[in-house]
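Close look at the chain arrangement
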Amino acid sequence: MHIEKKIKIKPQSTDYQVDIPDLEKIIIDCNGISGGLIPLLQRIQDRFTFIPPQAFKLIDKELNIPESESLGVATFYTQFKLNPTGKYTIKICKGTACHVQNANKIFDVISEYLQIKPGETTEDQLFTLELVSCLGCCSLAPAIMIGEETYGKLDDRSVISIIKEIQDRESK
Ligand code: FES
């Protein structure tokens, strides 16, 4: 697949320590499987929670594709993350039902409390923030998911106490 150069590629930190032999093994094992690049990127993300910057050159070489093509594909599809995610991903619903029930306020208090924006991860690597268009539980609006748990009918106080509870639990 050829991805045009107009895609804006966000710079990636090169400080991430990853298990390079493990990364190489995944790339070599996946070479030749049907669909090629996308399943390979998915496997790498499953293993590392994101696509490490070291992966792209290795992939281009192993799959014998033009330089930066794998980076272009990873940047094009929103399913791929170029930075490590936290232990918990907080998905804040901005769909219509949640929007009319003040989802913006929920977003603002979480973002301010954790000091992160969508796509960012807290320094302690506990939380990553994501905005989604519907969580499929509109009757619970405004709703969020933290990890696999869904929380609904939230207000600015209840949502912060849920996050604090997780922080307390994780600090023990
Ligand atoms: S719109 Fe938020 S859960 Fe559907």
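Residues numbered from 1 in each chain as written. Predicted model: local features only at pLDDT ≥ 70, side-chain atom pairs only at ≥ 80, totals over all residues.

**Comments concerning the overall build of the chain**
Filter applied, for reference: For helices the rule is a DSSP run of H or I covering at least 4 residues; for strands it is a run of E covering at least 2, with both sets numbered from the N terminus onward. We call a residue exposed when 12 or fewer other C-beta atoms sit within 10 Å of its C-beta, buried when the count reaches 20 or more, and partly exposed for counts in between; the C-beta positions come from the backbone. Any two residues are considered in contact once their C-beta atoms, placed from the backbone, lie within 7 Å.
In terms of helices and strands, the chain carries 7 helices and 4 strands. The secondary structure elements of the chain, listed N-terminal to C-terminal, are α-α-α-α-β-α-α-β-β-β-α. Residues counted as buried form 24% of the 172 residues belonging to the chain. Restricting the contact set of the chain to residue pairs at least 6 apart, pairs at least 24 apart contribute 65%.

**Digging into the sheet that holds strand β3 (residues 144-146)**
Threshold: Only strands joined by at least two bridges in the DSSP assignment are considered to pair. Axis definition: a line fitted to C-alpha atoms, limited for helices to the stretch in contact. Angles are taken between N-to-C directions and run from 0 to 180 degrees.
Ordered by their spatial adjacency, 4 strands build an open sheet running β2-β1-β3-β4, and the pairing between neighbours is mixed. Edge positions in the sheet fall to β2 (127-132) and β4 (149-151), since each of these pairs with one other strand and no more. Here the strands of the sheet are splayed against their neighbours by 20° on average, with no regard to which way each runs.

**What about the environment of isoleucine 106?**
Its location among the elements puts isoleucine 106 in helix α6 (residues 103-114). Taking the C-alpha atoms as reference points, isoleucine 106 and isoleucine 160, 54 residues apart in sequence, are found 9.1 Å from one another. Apart from the residues lying within four places of it in its own chain, the contact partners of isoleucine 106 are Ile92, Pro142, Ile144, Leu154, Asp156 and Val159.

**Notes on the nonpolar core**
In a soluble, globular protein the nonpolar side chains are often hidden away together inside. What counts, and what does not: Here a nonpolar core is just a set of buried residues of the types Ala, Val, Leu, Ile, Met, Phe, Trp, Tyr and Cys, joined wherever their C-beta atoms sit within 7 Å.
Ranked by size, the top nonpolar core spans 20 residues in total, and within it Ile90, Ile92, Cys93, Ile106, Ile110 and Ile144 carry the most contacts. With 5 residues, the single largest contributor to this core is α6. Ignoring anything within four residues of it in the chain, the contact list for isoleucine 110 reads Ile90, Ile92, Leu129, Val159 and Ile163. Residues Leu40, Phe50, Ile51 and Phe56 belong to the second largest nonpolar core, which totals 14 residues.

**Things to note about α6**
Heads up, the rule is: A helix is expected to reach a length of 1.5 Å times the quantity of its residues less one. By construction, the arc corresponds to the directions joining the helix axis to the C-beta atoms.
Taking 1.5 Å per residue, 12 residues should reach 16 Å; α6 reaches 16 Å between its end C-alpha atoms and fits that length. For α6, the complete set of buried residues consists of Ala103, Ile106, Phe107, Ile110 and Leu114. For α6, the angular spread of buried residues about the axis comes to 100°, placing them on one side. Structural note: α6 exposes Asp108 and Glu112 on the side pointing more than 90 degrees away from its buried face.

**Details of the packing of helix α1 (residues 20-30) against helix α3 (residues 54-63)**
Where we set the bar: Crossing chirality is assigned from the near helix's rotation relative to the far helix, an anticlockwise turn below a right angle marking it left-handed and a clockwise turn marking it right-handed. Residue classes follow a fixed rule: Ala, Val, Leu, Ile, Met, Phe, Trp, Tyr, Cys and Pro count as nonpolar, while Asp, Glu, Lys and Arg count as charged, and any other residue, Gly among them, counts as polar.
Following both chains from N to C, one finds α1 and α3 inclined at 35°, their axes separated by 10 Å at the closest point. For the element pair α1 and α3, the recorded crossing hand is right-handed. On the side of α1, the interface is formed by Ile20, Leu23, Glu24, Ile27 and Ile28, while α3 contributes Gln54, Ala55, Leu58, Ile59 and Glu62. A class-by-class count of the residues in the contact of α1 with α3 yields 7 nonpolar, 1 polar and 2 charged.

**With respect to the pairing of strand β1 (residues 88-93)**
As judged from the 6 bridges shared by β1 and β2, these two strands associate in the parallel manner. Bridged to cysteine 93 within β2 is valine 132. The pairing of β1 with β3 spans 3 bridges and is classified as antiparallel. Within β3, the residue paired with isoleucine 90 across the bridge is isoleucine 146.

**Topic: the confidence of the model for the chain**
Our working rule: pLDDT measures how confident the predictor is about each residue, on a scale from 0 to 100.
For the chain, per-residue confidence averages 88 on the pLDDT scale, and 89% of positions sit at 70 or higher. In the predicted structure, residues 1-11 sits below a pLDDT of 50 and forms 11 contacts with residues beyond four places in sequence or in another chain.

**Structural notes on unusual backbone geometry**
Cis peptide bonds are those with omega within 30 degrees of zero, and the linkage from alanine 141 to proline 142 qualifies with 0°. Within the fold, proline 142 resides in the loop between β2 and β3. A positive phi angle, near 55°, is found at asparagine 64, a position not held by glycine. Mapped onto the secondary structure, asparagine 64 falls in the loop between α3 and α4 (69-76).

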